[in-house]
Amino acid sequence: MNSLTMNAIIKKIPQRCRLTMITAGIIGIIAYAYVFLNPIFFHDGSGLTMHYGWEYVYAGSMRMTWLTNVWNILQVGVQVPWFAGLISLSLYGLSAYFVCEALEIKSEICAVLTTGIMTIAPALISSHVYGAGGVPYTISLFFASLAAWGFFSKRKYHYILFYSSVMITVATYTNYISWTAVVFLIRQIRDLLKGKKGCKKIWTENGIAVLLTSAVIGINMAVCGILISISKMEFQDRVTSLWQNGSSERLNFARSSLYMIIKEFLPPSLVDKLGREQYFYSLFTKNRFMAVLFYVAVIFTFIYLVEYIKRNKNRLQLTIQLFIHLVMLFFSMDILTYVTDSHVLMQFGHIAPWILMLILLEDFADSVLIEKRNGIIQGGKKWELCGGIRRKLYIGSV
């Protein structure tokens, strides 16, 4: 009876969700097995063994992340690496599922690759150094992904789901709203290319997303301000700098942060000549295989976008729209870096180029299939093109 009940439950889980969960589990175990099987204590994580309780919710408000310590309370100060790993991998799989649904990914291969990229993102690699203290980062990622899916969901109260998920994300680890913004903008770019939405609808949705997110940030600041006043504490330096710095200081900080992000996309040899350092993308570009793969993908993406624009009737409008959204995507990868010091834990959104190029690759494969189906390739032999799209074609002579 128990086995039958379990099978019934499993069958109710969407196939795509099962795929992302299994993928996250396999890739996650390969990547993080050592961390999950060995206790690694690193300041914040080790502090959880004695610094947890409702009084530390006030301490979390010092960083504008008052919910972080609520999640830590649920772990009751117990450091069990394999249990924290199990929670993390489960949430990685669920997060990837909601991202795939939000981006309307149809290909199973693309869903597997998206899950893999998310699971081994440098931000998550770094979070596991904190042991059980890394679980709140995973929770924030989950709700950030859920928020992106909720916005585009056709359910009745989807905006409420978006709003509440963004609220939990911001109150847990604020900069994961960058990931919500990244997924949102990639979806908008895809809809632009497919012609699914007009200019008016695109910008209406953009405006709604900005207004709801701004309201969330404002409410979160108010809640933290109340908790700070009750506890007689003070905000951390990185928080007070947001409003204590003058306009010129903020502008200079934002300019230097923008320059830092730009150089992350440059080849390491060029960065070395400039006398600068790389942070996030050095994890990829200093590996020659990953560097070649990344820049080949960039070239392919550029060519694909140019060819797509050439085929479109409203070339000028599409070009302007795409340019604006690509610029917004670039600036959204790490939103808080323009106002405060950023580090790898805050840079999950930097995987955006990989996800975008993967999405465009799927669209390219899809367009090729449609062209072949419409008669560019005719004949009698049955094929099934790889890419996971599962469409049967009759291929013969050109």
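Coordinates for the structure precede this section.
Residues numbered from 1 in each chain as written. Predicted model: local features only at pLDDT ≥ 70, side-chain atom pairs only at ≥ 80, totals over all residues. Heavy atoms only, no water.

> Help me understand helix H18 (residues 315-332) in this model?
For an α-helix, the turn length of 3.6 residues means that residues three or four places apart are oriented alike. Look at H18: 25 Å from first C-alpha to last across 18 residues, which is about the 26 Å you get at 1.5 Å a residue. For H18, the set of buried residues is Leu318, Gln321, Leu322, His325, Leu329 and Ser332. The buried side chains of H18 occupy one side of the element, clustering within an arc of 95° when seen end-on. Pointing more than 90 degrees away from the buried face of H18 are the exposed residues Leu316 and Phe323. (Helix = DSSP H or I, 4+ residues; strand = E, 2+ residues; numbered from the N terminus. Expected span 1.5 Å × (residues − 1). Buried < 20%, exposed > 50% of the residue type's maximum accessible area, 1.4 Å probe, protein only. Arc of directions from axis to C-beta.)

> In this structure, what is going on with the nonpolar core? I would like to understand it.
Core analysis: the biggest nonpolar cluster contains 76 residues, and Tyr176, Trp179 and Phe348 have the highest contact counts within it. Of the residues forming this core, the biggest block, 13 residues, is contributed by helix H9 (residues 135-152). The contacts of phenylalanine 348, once residues within four sequence positions are left out, are Met118, Ala121, Ala123, Leu124, Leu141, Tyr176 and Trp179. (Core = buried A, V, L, I, M, F, W, Y, C linked by side-chain atoms within 4.5 Å. Contact = heavy atoms within 4.5 Å.)

> What am I meant to see in the side chain of threonine 138 here?
With respect to the secondary-structure elements, threonine 138 resides in helix H9. By relative accessible area, which is 0% here, threonine 138 ends up buried. Setting aside chain neighbours within four positions, we find threonine 138 in contact with Ser88, Leu91 and Tyr92.

> Explanation requested: unusual backbone geometry in the structure shown.
With the exception of glycine, the majority of residues adopt a negative phi angle, and the majority of peptide bonds are in the trans configuration. Positive phi is not limited to glycine here, since glutamate 104 has a value of about 55°. Within the secondary structure, glutamate 104 is located in the loop between helix H6 (81-102) and helix H7 (108-119).

> Even after reading the chapter, I still don't get the packing of aromatic side chains, so can you show me in this structure?
Aromatic ring pairs are defined here through the distance separating the ring centres and the angle between the ring planes. Within the structure shown, the criterion is met by 18 aromatic pairs. Summarising the aromatic geometry, the rings of tyrosine 137 and tyrosine 173 are spaced 4.7 Å apart at their centres and angled 80° between planes, so their arrangement reads as edge-to-face. You can see tyrosine 137 sitting in helix H9 and its partner tyrosine 173 sitting in the loop between helix H10 (158-172) and helix H11 (177-194), a full 36 residues away along the chain. Taking relative accessible area as the criterion, tyrosine 173 reaches 15% and is therefore assigned buried. Each ring, one from phenylalanine 330 and one from phenylalanine 331, has its centre 5.9 Å from the other, and the planes form 90°; the classification is edge-to-face. Directly above the aromatic system of phenylalanine 152 lies the positively charged group of arginine 187, at a separation of 4.5 Å from the ring centroid. (Phe/Tyr/Trp six-rings, centres within 6.5 Å; stacked < 30°, edge-to-face > 60°. Lys NZ or Arg CZ within 6 Å of the ring centre and 35° of its normal.)

> Help me out: how do you make sense of the packing of helix H2 (residues 15-37) against H7 in this one?
Any two packed helices are characterised by how steeply their axes cross, that is the angle between the axes, and by the distance between the axes. Where H2 meets H7, the axes come as close as 9 Å, and the angle between the chain directions of the two elements is 40°. Between H2 and H7, the angle is such that the two are oblique. Where H2 crosses over H7, the handedness of that crossing is right-handed. For the pair formed by H2 and H7, the contact residues are Gln15, Arg16, Leu19, Thr20, Thr23, Ala24, Ile27, Gly28 and Tyr32 on the first element and Glu108, Ala111, Val112, Thr115, Gly116 and Thr119 on the second. When grouped by side-chain class, the residues that make up the contact of H2 with H7 number 6 nonpolar, 7 polar and 2 charged. (Axes fitted to C-alpha atoms, helices over the stretch in contact; angles between N-to-C directions. Parallel < 35°, antiparallel > 145°, perpendicular 65-115°, else oblique. Left-handed = near helix turned anticlockwise from the far one by under 90°. Nonpolar A, V, L, I, M, F, W, Y, C, P; charged D, E, K, R; others polar.)

> It is not clear to me how the side chain of glutamate 205 should be interpreted in this structure. Could you clarify?
Structurally, glutamate 205 can be placed in helix H12 (residues 199-231). On the accessibility criterion, glutamate 205 (10% relative accessible area) is buried. In this structure glutamate 205 touches Phe151, Phe152, Phe184, Gln188 and Lys197, once residues within four positions along its chain are discounted.

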